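# Understanding the architecture of this molecule
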Amino acid sequence: MSAIVQATCPGCKNLLRIPADWVNQPIRCKHCGLVMLSKTPQTAAAKSTPPRDKTPLPPTRQQAPVAKLAPESFKTAGASHPIAQAVLPTAAVPSAASVQAGPANGSPFTGFDANDDSPTANKSRVRAVGKRSTWWWKGPLIAVSVFFLAVVILGFTWSKLSKLLPAGNQVVQNQDKDHAGLDKDVMPPKDKSKDGPPADGKPDPNKDKTPAPKDKTPDPNKDKTAPPKDKVNDPNKDKTVPPKDKDKSPEPPKDKATDPPKNPAGLLYPRRALIISLHNYLYADSVHAGNPVEGAHNVASLKNKLVNGLHFPLTQIGFLSDVAPKGQAHSPTKAVIEQTLTSFLQDSRSQDRVMVFFIGHAVEIGEESYLVPIEGELDNAANLIPLKWVYQQLEQCKARQKVFVIDVGRSNPSRGSARPGSGPLGPKLDAALKDPPLGVQVWSACSGEQFSYETDASPMGVFLDKMIAALEKGLTNKIQKAEEPLQIDLFNQTIVSLMNAELSPLKLTQVPRITGKEVVEGAPFSKDEPAPPVPTIATGPSAKDNAKIIQSVLDEISLPPIKAGFGSTEDGTIKVEMLPPFDAKTMASYAPAESKLKEEINKVRVTLWAYSNAPEPPALKTAVAEKRAEFGKVTMNLLKDSYRSPGNENEFKKQIGEEERDVGKILSNLIRLRKDSIETDGTDKPGDLRKAEPSKRWQVSYDYVLAHLEAQISFLYEYQAMLGSMRKELPAKEPGHGGWRMSATAAPTGDSDGKKMAKSSAKIYDALAADNGNTPWFVLAKRERMVSLGLEWKSVK
């Protein structure tokens, strides 16, 4: 270990202990801070002095001359290390100190501070001046950079932040006015800087406090109270007076804050929309409304997307639909649609830009095209809405821009149709959509001879699903302005691209199209024009007028959907709101009455509900639970509408055989139930009770339940036949597809007994509809008569 060199500081005369390795290096006294340079005597330096550090001293250190001083005495102890000679700045060192070498063994720092009683003992130890950091400027540079970055970010975001703090903005804007009436001695710190710093360079904290007492000496109480009144009360007074003066002030900012315009919505975009969507049709195939999960794409969410993507004011969007949120749903009957549409278009202003959506079915009858309301029959023009009438209403509307969005011709190729649909866009309807009236634009979901497809990825329809996606994305490099038209062409480009990405792999073609033009000359945008009224949804006549008696009928004959859970897009539940109005005099002949037949009807209903996976009516809950316990796991839950391609074909076919036997158990029980329900032997068998029943109400209820039972049996026959065909030979698959789905067809094609049962059921339904017009049984019988009971295999991805 190196020795310790001891020396006396020429400045404070304290003893210094210096490691021998530090000789010939600049050092600082830890007691007085004096900088000195230690150096060996001239006689020994050439032999033993280690190479001196060639690092140049800072300029400030090089300016002072350095003198070499001879030591007063030298001593060595146990080491041959040369003795160091202290070399110190001339101005600071009067004479040299004695130097003595320390022990050679152990740490060179042993006892380094043993006798150090200086108050600076805990300060930094001796450092080499040449090794000091030259990066002192890093800290200030980083601080300045961070400050500059914060200023830049604040500059870019201030416009948004200021909107979030309207009260704060007002205070900032009035700050100079508030300070205008204050004395100089209470101005902000920036004004104090004009006096300059004290002569010694140090701020005087009492400077601002001392003048006031000197001025207040003659009358302390008076001076202490007067300035606060001028400095505090006056600013508060100025802050409270402007709200009163703003009503009189001609300045626009103040007028906006306190004098609301006649048109509260005038600052918003002059845009209005009416969404008419129909889904649970009475006599046609249902139209999927999308995934009902919150956050997913569905018809109900379209309303909010129009607000975000096209800047429609939320209060100017009407939503007429049977799937609207609870409390807002309305049955879109012909009368309700016509009244709502007429009112909406008549209330629109000349500067408005309006969009009218129709989502549902449309058909061609003769030479004309029609929109189908929820109770419309596809082959009966009397209860449909002519497209010509819709065009007339749009043409008469004084709005500057009128866009009619029509999404019809729905189809899901992998699932088929549960009931008859409107088919693809026919040539007559296509020609009518290509030629709208002057000033009307038509945005159709598909072109001629095309379907508007529903897929597993886009159940609400590919067109509407991608419209929502486009509205969420917004327009690229385009800021929409209130006075500009609806940029539907730009949105359609995005929609086409997104649709192609989904439909091309499925080998499906659907091209949305925009026809017609906006009127070039139109009313200019004016924020001062009174806002149009909020769109209202008409109620119109419905079964609600005699809801109590109608609901009692539905409670007595409610049955689960034949295909509940089997690829169905509807829950099959009939609500009073879905039904058309019924004549009170006609309903009087179907008055409630006691009957022995009711018990037989409920036996069938309990069995069907127990096998179904749909929730049962509250009145039958206990009986259904008992029957389900009896059936065990063999229920309709085992029915599947799709299968994936198997890895092991033999094991797969074995599994199909087990499912086929389970379906056979359900089928056998229902066949036995039907036989018991129609038996007659001259006593109180169900068949005899039906013939002897005096109440017309219970006669038609019995017939309706029996027809439903036979339709359910027919469908199970068809389903079992499909499993049997798969067990014999797997269906064909298209390239790239990995499975199969049972797609609905109009009539069964499998088992002959299933075909017979379907015909028997249809015969009963037809008789019910023919003999019970203008009643709930008429509507329900006609609706169930249209259910597709056939199945076929379709390959799917």
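No experiment lies behind these values; they were computed from the predicted model shown.

### Things to note about the overall build of the protein chain
When you go through the protein chain residue by residue, the secondary structure sums to 24 helices and 22 strands. Residues counted as buried form 44% of the 797 residues belonging to the protein chain. Residue pairs in contact within the protein chain that sit at least 24 positions apart in sequence constitute 76% of those at least 6 positions apart. When the accessible area of the protein chain is evaluated, it comes to approximately 42,200 Å², of which 55% is carbon and sulfur surface.

### Considerations on the side chain of T333
Relative to the assigned elements, T333 resides in the loop between β10 (317-321) and α11 (334-347). Those residues in contact with T333, other than ones at most four positions away along the chain, are P373, I374 and E375.

### Focus: the packing of helix α18 (residues 597-611) against helix α19 (residues 621-631)
Contact pair α18 / α19: the axes reach a minimum separation of 8 Å and the direction vectors enclose 60 degrees. Considered as vectors, α18 and α19 are oriented oblique to each other. In terms of crossing hand, the pair formed by α18 and α19 is right-handed. Where α18 abuts α19, its residues V606, T607, W609, A610 and Y611 lie against A623, V624, K627, R628 and F631. Here the contact of α18 with α19 is composed, by residue class, of 7 nonpolar, 1 polar and 2 charged.

### Considering the sheet that holds strand β22 (residues 790-796)
Strand order in the open sheet made by the 3 strands is β20-β21-β22, with antiparallel pairing throughout. Since the sheet does not close on itself, it has two edges, and those belong to β20 (642-644) and β22, each with one partner. Averaged over all pairs of adjacent strands, the angle between their axes in this sheet comes to 25 degrees, without regard to strand direction. Note that strand β21 (residues 739-745) and β22 share 7 bridges and pair antiparallel. Directly across from W740, in β22, lies its bridge partner S795.

### Quick notes on helix α23 (residues 752-771)
Here α23 is 20 residues long and its end C-alpha atoms lie 29 Å apart, about the 28 Å a rise of 1.5 Å per residue gives. G754, M757, A758, S761, A762, I764, Y765, L768 and A769 are the residues of α23 that are buried. The arc that holds every buried residue of α23, seen down its axis, measures 165 degrees, which confines them to one face. Across α23 from its buried face, at more than 90 degrees, point the exposed residues K756, K759, K763, A770 and D771. Turning to α23, the residues buried within the fold contact α20 (649-678), α22 (696-728) and α24 (776-785). The N-terminus of α23 is capped by D751, whose side-chain oxygen sits 2.7 Å from the backbone nitrogen of D753.

### Some words on the side chain of T607
Here T607 is to be found in helix α18. A distance of 3.0 Å separates a polar atom in the side chain of T607 from the backbone oxygen of K603. If we skip the residues at most four places from it in the chain, T607 touches K627, F631, L670 and L673.

### So, the pattern of salt bridges
Counted according to the given criterion, the structure contains 32 salt bridges. Between K782 and E377 there is a salt bridge, and its shortest N-O distance comes to 1.6 Å. In this pair, K782 is assigned in helix α24 and E377 in the loop between β13 (368-372) and β14 (385-386), connecting sequence segments 405 residues apart. Like E377, K782 is buried. Ionic pairing is found between K603 and E600, a salt bridge with its closest N-O pair at 3.7 Å. Taken as a pair, K603 and E600 lie in helix α18 at a separation of 3 residues, close to a single helical turn. For K603, a relative accessible area of 43% gives the class partly exposed.

### Some remarks on the packing of aromatic side chains
All chains considered together, the criterion is met by 7 aromatic pairs. Taking 6.0 Å as the distance between ring centres and 50 degrees as the angle between the ring planes, the aromatic pair formed by F451 and Y453 counts as tilted. Measuring from ring centre to ring centre gives 4.0 Å for Y611 and F631, while their planes differ by 5 degrees; the resulting arrangement is stacked. Placement of the pair is Y611 in helix α18 and F631 in helix α19, with a sequence separation of 20 residues. The exposure classification of Y611 matches that of F631, with both residues buried. Ring pairs connect the aromatic residues Y643, F652 and W793, which therefore count as one cluster. Taking the ring centre of Y283 as reference, the NZ or CZ of K782 above it sits at 5.2 Å.

### Thoughts on the packing of helix α10 (residues 299-310) against helix α14 (residues 462-473)
Between α10 and α14, the shortest axis-to-axis distance is 8 Å and the interhelical angle comes to 35 degrees. At the point where α10 passes α14, the crossing takes the left-handed sense. Residues S301, L302, K305, L306, G309 and L310 of α10 pack against M467, I468, L471 and E472 of α14. A per-class count over the contact of α10 with α14 returns 6 nonpolar, 2 polar and 2 charged.

### Structural notes on the pairing of strand β12 (residues 361-365)
Looking at chain direction, β12 and β13 are connected through 5 bridges and run antiparallel. Its bridge partner being in β13, V363 is matched across the sheet by Y370. Hairpin connection from β12 to β13: 2 residues lie between these consecutive antiparallel strands, with G366 at a positive phi of about 65 degrees.

### Brief notes about α11
Owing to its 3.6 residues per turn, the α-helix brings residues three or four apart onto one side. Over its 14 residues, α11 extends 20 Å from the first C-alpha to the last, a length consistent with the 20 Å expected when each residue adds 1.5 Å. Among all positions in α11, only V336, I337, T340, L341, F344 and L345 are buried. Buried residues of α11 fall within an arc of 140 degrees about the axis and therefore sit on the same side. Looking at the packing, one finds that the buried side of α11 touches β9 (271-277), β10, β11 (353-359), β14 and α12 (387-396).

### Focus: the nonpolar core
Counting 74 residues, the largest nonpolar core has L306, M355, F404, W443, F463 and M467 as its most contacted members. The element contributing the most residues to this core is α14, with 7 residues. In contact with F404, not counting residues within four places along its chain, are V356, F358, L371, L387, V390, Y391, L394, Q441, V442 and W443. Counting residues in hydrophobic clusters, the runner-up holds 72 residues, among them F631, I713, F715 and W793.

### Considerations on the sheet that holds β14
The sheet built from 3 strands is open, its strands ordered β12-β13-β14 with antiparallel pairing. Two strands close off the open sheet at either side, each with one partner strand: β12 and β14. The pairing of β13 with β14 spans 2 bridges and is antiparallel. Across the sheet, Y370 pairs through a bridge with P386, a residue of β14.

### Some points on the environment of D285
Relative to the helices and strands, D285 is located in the loop between β9 and α10. Overall, the relative accessible area of 12% leaves D285 in the buried class. Between the alpha carbons of D285 and M786 there is a distance of 8.9 Å; along the sequence they are 501 residues apart. Not counting chain neighbours up to four residues away, the residues in contact with D285 comprise H361, G416, S417, A418, R419, P420 and G421.

### Re unusual backbone geometry
For N477, which is not glycine, the phi torsion reads 55 degrees and is therefore positive. Within the secondary structure, N477 is located in the loop between α14 and α15 (488-503). A residue is classified by how much of its surface remains accessible, and N477, at 81% relative accessible area, is exposed. In this structure, N774 is a non-glycine residue whose phi angle is positive, near 60 degrees. By secondary structure assignment, the location of N774 is in the loop between α23 and α24.

So, how was this worked out
Residues numbered from 1 in each chain as written. Predicted model: local features only at pLDDT ≥ 70, side-chain atom pairs only at ≥ 80, totals over all residues. Heavy atoms only, no water. Helix = DSSP H or I, 4+ residues; strand = E, 2+ residues; numbered from the N terminus. Buried < 20%, exposed > 50% of the residue type's maximum accessible area, 1.4 Å probe, protein only. Contact = heavy atoms within 4.5 Å. Areas by Shrake-Rupley, 256 points an atom, 1.4 Å probe, with all protein chains shown as cover. Axes fitted to C-alpha atoms, helices over the stretch in contact; angles between N-to-C directions. Parallel < 35°, antiparallel > 145°, perpendicular 65-115°, else oblique. Left-handed = near helix turned anticlockwise from the far one by under 90°. Nonpolar A, V, L, I, M, F, W, Y, C, P; charged D, E, K, R; others polar. Pairing = 2+ DSSP bridges. Expected span 1.5 Å × (residues − 1). Arc of directions from axis to C-beta. Polar contact = N/O pair within 3.5 Å; in protein donor to acceptor, adjacent residues only side chain to side chain. Salt bridge = Lys/Arg side-chain N within 4 Å of Asp/Glu carboxyl O. Phe/Tyr/Trp six-rings, centres within 6.5 Å; stacked < 30°, edge-to-face > 60°. Lys NZ or Arg CZ within 6 Å of the ring centre and 35° of its normal. Core = buried A, V, L, I, M, F, W, Y, C linked by side-chain atoms within 4.5 Å.

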